[in-house]
Amino acid sequence: MIPGNVRLAACEPCRRAKLACDHRRPTCSRCRDRNQGEEVCVYRSRPFKRKKLHQEQQTEEAEHAEHLQQVQPTQRSPRSIHSPTLDETSTSLLIGPSRQQQEQQQQYRYPNPGFLGSSSHSTIFNHVSSRAHTNENASPHNDARQISPSYSVMDITNDHPNTAITEKGIRALSQVERLNIFRLKTLVEVWLSTDVNLPLAGPHDSGIWASKHAKILFKNTNRPILFHKDSSVAEFVSQFYNDNVRWETLGIFFAAATRATLDISFFPQLYTSEEQRHQLTTLLTSIGDSCLEACLGLDCLNDLQLVLQYENFIVHSQVYGDQSYHSWRRIGDLASSLFALGYHENVEVETSQLPNFVIQLRKAAFARIYAGDKNLAIFLGRPPRIVKAYCVFQLPDNIPGLWDIDNTITKTTEDIINYTADTRCSALFASLKEEILELFRDRDSRRQVEKASVIRSKAEEQWQILPTHFKLVTRLKDCHLRPFERDFLVGTRLDHLHTLFLLDLVLLRHISEPNDSLLKVAVEMLSLVVEAIVLRDRLVNSGTCLIWKVAHFGLPAAGIVSLALLNSSIGKDIGPLLRSKILQDLSVLVAEVGTGAVIQAGQPNFAIFTRAIRTIQSLLNILMGGDLTSRFPDSEPEIPNQYLNCNSIQAWDPWINSDPWDFEIEFWANLAEHPSLQGFEHGI
């Protein structure tokens, strides 16, 4: 007989259903009546005792560390891919927050404060605490990352996420079941074979593992990533093989699969038409979004999530376009995560705690996000989120072989052309563009000229100190490098020209009358973009896709060139050879875009392309039909009523209600209303 003062635990099914249990062993009455055996009707070993939160966390981390010691890292090339079944493994460039070598690492738990700077509330109370407890060392920078609140979005007892997060995970896995993983893996292999990869997560892009249950993914994602200064790449990456796969791992793989689908137009194993390719792209993007949402729901902020967020932003930029709110919101989320992790500060402060490959990853993440923020802000004519005045500007070192599993770093005296080189260059140009954006807000013309002169000197010096093999010094058709290297040279040159383009633009008194300096830069930009369009089969994505190059560099250049041709005083100064080259480039741009060779209906940024090409075609219709100036004589003779007078032209402004650097749809709509183009737009 059981004593009346003995407290008995209910079995797990009865406890979760909040039903009375008769405590029979091995199976209680309720479970027996429901035909549930011993494997279901189980009792907890310590039902009424609960460890303190930090004890539970230390126990879990100790078990995890012991498991890592038993795991032998798989030695393989970073680009190799496993067998394609769903029960295989995946690896990616996955990083977690740093810790002291002797300390156990803590994960961020909700509420997740992340990095807290010198003006934060915690800093004030840390100083109070340090005075009250002089025997304790209070470090505001470190304490902000080591806060461990007493509760989490995860149930500490069983590691089950809440219902909403679980549903996101299940939705992602259910979508995976619709895919042919073997063929999808083959697609990614083909894509990687062209020297293309994910810019930030690329060094260890691999195959895919998926479980029939989401629990293991949530548990692994909620688990901290352990490393110390002497950790090798192999030891570090081994934490993401086999049973250690995380939601971030899946998300990064599907980002690579989406990019591969976008870049490879024909892959009969998965799609044979544009409609099928579009459907697959949409599905892969949706799965990647679900993986990211599952990570965000756990509130476990770390380097790996930041990498996934960046690659997800790039995917949305290419799938939905840079004008989409999806892209704009995601670059804001990226900036928020960057600040929360504290990577806008000097990441080398903790060099005694971090392996070098982690330091370089964090620098690369800052540089990539910083450049993306500036480019999107300029393209949309909106304020940037990340301001250099509040950051420590830092660039990654270009170290060949840094992420090789065998840890063999190649020593070379020459900077090689790779994604790290693209990261460094794009961030350097973005830094100058931020200074130029500040000039647009300065109303003092004298100060504008002085500052612009300083920035121009910086831009020219920056271009001069670039390695010679980073510069495109010949026509693109005469460049015989690999496709990746050719695309890198094009992108670097366009970035430099765009910096000069913005500088000339900010100094114009009348935007409808571009000066010789601006026109010269615009003509070279347009010519290089057109050549890249024609030779697109000899290029691969080295950091920015072709559509981005056309939208970000080509269309603004075409807009300035069109303004120059429409202005009779400027048009007279354009020599016959230059005029012929301009018309040829504009005609090729119209033909390539208009025929759908570059972009098709439904693809990102299609609306702005269509508006721009329609307006340029109207201009070409006039220019090919005769001299534009004949429609607007300089003398005073009578002008036919159907044409507006020169005063109308002078009063016309292409940037009504928009910023001078904004070459979106509104600019092209305003340009189409130029008095010279009235009545010609329908002749396309």
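Note: the structure precedes this text.
Predicted model, so just to flag it, every value in this text is computed and none were measured.

Asker: Honestly, the packing of helix 12 (residues 303-320) against helix 14 (residues 356-380) in this entry has me stumped. Any pointers?
Answerer: Packed helix pairs are characterised by how far apart their axes lie and by the angle those axes make with each other. One can describe the packing of helix 12 onto helix 14 by two numbers: an axis separation of 11 Å at closest approach and a directional angle of 30 degrees. As summarised for this structure, helix 12 and helix 14 are arranged roughly parallel, according to the angle between their axes. Of the two elements, helix 12 crosses helix 14, and the hand of that crossing is left-handed. Facing helix 12, whose interface residues are D303, L306, V307, Y310 and F313, helix 14 presents L361, R362, A365, R368, I369 and L376. Taken together, the residues that form the contact of helix 12 with helix 14 break down as 8 nonpolar, no polar and 3 charged.

Asker: Help me understand the state of the cysteines in this model?
Answerer: Here, disulfide denotes a covalent bond that connects the sulfur atoms of two cysteines. Summed over the entire model, instances satisfying the criterion amount to 0 disulfides. With no disulfide of its own, C14 lies closest to C11 among cysteine sulfurs, the gap being 3.5 Å. Free cysteine: C21, not disulfide-bonded; nearest cysteine sulfur from C11 at 4.0 Å.

Asker: Would you mind going over the packing of aromatic side chains with me for this structure?
Answerer: Geometrically, a pair of aromatic rings is defined through the distance of the ring centres and the angle of the planes. Evaluated as defined, the whole model comprises 11 aromatic pairs. Between Y310 and F313, the ring centres sit 6.4 Å apart and the planes meet at 55 degrees, which makes this aromatic pair tilted. On the criterion of helical spacing, the pair formed by Y310 and F313 is a turn pair, its members being 3 residues apart in helix 12. Using a relative accessible area of 4% as the deciding quantity, one classes Y310 as buried. Relative to F393, the ring of Y370 has its centre 5.5 Å away and its plane inclined at 75 degrees; by these criteria the two rings are edge-to-face. Highlighted residues: Y370 in helix 14 and F393 in the loop between helix 14 and helix 15 (419-440), separated in sequence by 23 residues. Given the relative accessible area of 0%, Y370 is considered buried.

Asker: Help me understand the side chain of R493 in this model?
Answerer: By the element assignment, R493 lies in helix 17 (residues 483-506). For R493, a relative accessible area of 16% puts it in the buried group. Setting aside residues up to four positions removed in sequence, R493 forms contacts with W463, E524 and L528.

Asker: Hey, could you run me through the nonpolar core in this one?
Answerer: When a protein is soluble and globular, its nonpolar side chains tend to lie buried together. Counting 166 residues, the largest nonpolar core has W247 and L589 as its most contacted members. Ranked by size, the runner-up nonpolar core spans 7 residues in total, among them C11, C28, C31 and C41.

Asker: I would appreciate a short explanation of unusual backbone geometry in the present structure.
Answerer: Across the chain, the bulk of peptide bonds are trans and the bulk of non-glycine residues have phi less than zero. Following R25, the chain continues to P26 via a peptide bond in cis, the omega torsion being 5 degrees. Here P26 shows up in the loop between helix 1 (12-17) and helix 2 (29-33). Although it is not a glycine, H23 adopts a positive phi angle of roughly 65 degrees. Within the secondary structure, H23 is located in the loop between helix 1 and helix 2. On the basis of relative accessibility, which here comes to 27%, the residue H23 falls in the partly exposed class. Backbone geometry at D195 places phi at a positive 75 degrees, although glycine is not the residue there. Among the structural elements, D195 can be located in the loop between helix 7 (181-192) and helix 8 (215-221).

Asker: Could you clarify how one ought to interpret the side chain of Q309 in this entry?
Answerer: Considering the arrangement of structural elements, one finds Q309 in helix 12. Only 2.7 Å separates the side chain of Q309 from the side chain of S337, close enough to count as a polar contact. Setting aside its immediate chain neighbours within four residues, Q309 contacts L292, L296, D333, L334 and S337.

Asker: It is not clear to me how helix 12 should be interpreted in this structure. Could you clarify?
Answerer: It helps to recall that an α-helix has 3.6 residues per turn; residues three or four apart then point in one direction. Under the 1.5 Å per step criterion, the end-to-end length of helix 12 is 25 Å for 18 residues, consistent within 8% with the ideal 26 Å. In terms of burial, helix 12 is largely enclosed, as 17 of its 18 residues are buried. Capping the start of helix 12 is the job of one residue whose side-chain oxygen sits 3.1 Å from the backbone nitrogen of L304: N302. G321 occupies a position one or two residues after helix 12 and carries a positive phi of about 95 degrees.

Asker: I'm lost on the packing of helix 11 (residues 274-298) against helix 12 in this one. Help?
Answerer: For the pair helix 11 and helix 12, the least separation of the axes is 10 Å and the interaxial angle reads 150 degrees. Between helix 11 and helix 12, the angle is such that the two are roughly antiparallel. Helix-helix and strand crossings are classified by hand; for helix 11 and helix 12 the assignment is left-handed. In contact with T281, T282, T285, G288, D289, L292, C295 and L296 of helix 11, helix 12 contributes Q305, L308, Q309, N312, V315, H316, V319 and Y320. A class-by-class count of the residues in the contact of helix 11 with helix 12 yields 7 nonpolar, 8 polar and 1 charged.

Asker: Honestly, the pattern of salt bridges in this entry has me stumped. Any pointers?
Answerer: Think of it this way: side chains of opposite charge can pair up when their charged atoms draw near. Counting across every chain of the model gives 26 salt bridges. The residue E274 makes a salt bridge to R277 at a minimum N-O spacing of 3.1 Å. Note that E274 and R277 are positioned in helix 11 at a spacing of 3 residues, about one turn of the helix. Assessed through its relative accessible area of 35%, E274 is described here as partly exposed. Note that K549 is salt-bridged to D487, the shortest N-O span being 3.2 Å. Here the residue K549 occupies a position in helix 19 (residues 546-566), and D487 occupies one in helix 17, the gap between them amounting to 62 residues. Per residue, the accessibility class of K549 equals that of D487, and both read buried.

Cut-offs applied
Residues numbered from 1 in each chain as written. Predicted model: local features only at pLDDT ≥ 70, side-chain atom pairs only at ≥ 80, totals over all residues. Heavy atoms only, no water. Axes fitted to C-alpha atoms, helices over the stretch in contact; angles between N-to-C directions. Helix = DSSP H or I, 4+ residues; strand = E, 2+ residues; numbered from the N terminus. Parallel < 35°, antiparallel > 145°, perpendicular 65-115°, else oblique. Left-handed = near helix turned anticlockwise from the far one by under 90°. Contact = heavy atoms within 4.5 Å. Nonpolar A, V, L, I, M, F, W, Y, C, P; charged D, E, K, R; others polar. Disulfide = S-S within 2.5 Å. Phe/Tyr/Trp six-rings, centres within 6.5 Å; stacked < 30°, edge-to-face > 60°. Buried < 20%, exposed > 50% of the residue type's maximum accessible area, 1.4 Å probe, protein only. Core = buried A, V, L, I, M, F, W, Y, C linked by side-chain atoms within 4.5 Å. Polar contact = N/O pair within 3.5 Å; in protein donor to acceptor, adjacent residues only side chain to side chain. Expected span 1.5 Å × (residues − 1). Salt bridge = Lys/Arg side-chain N within 4 Å of Asp/Glu carboxyl O.

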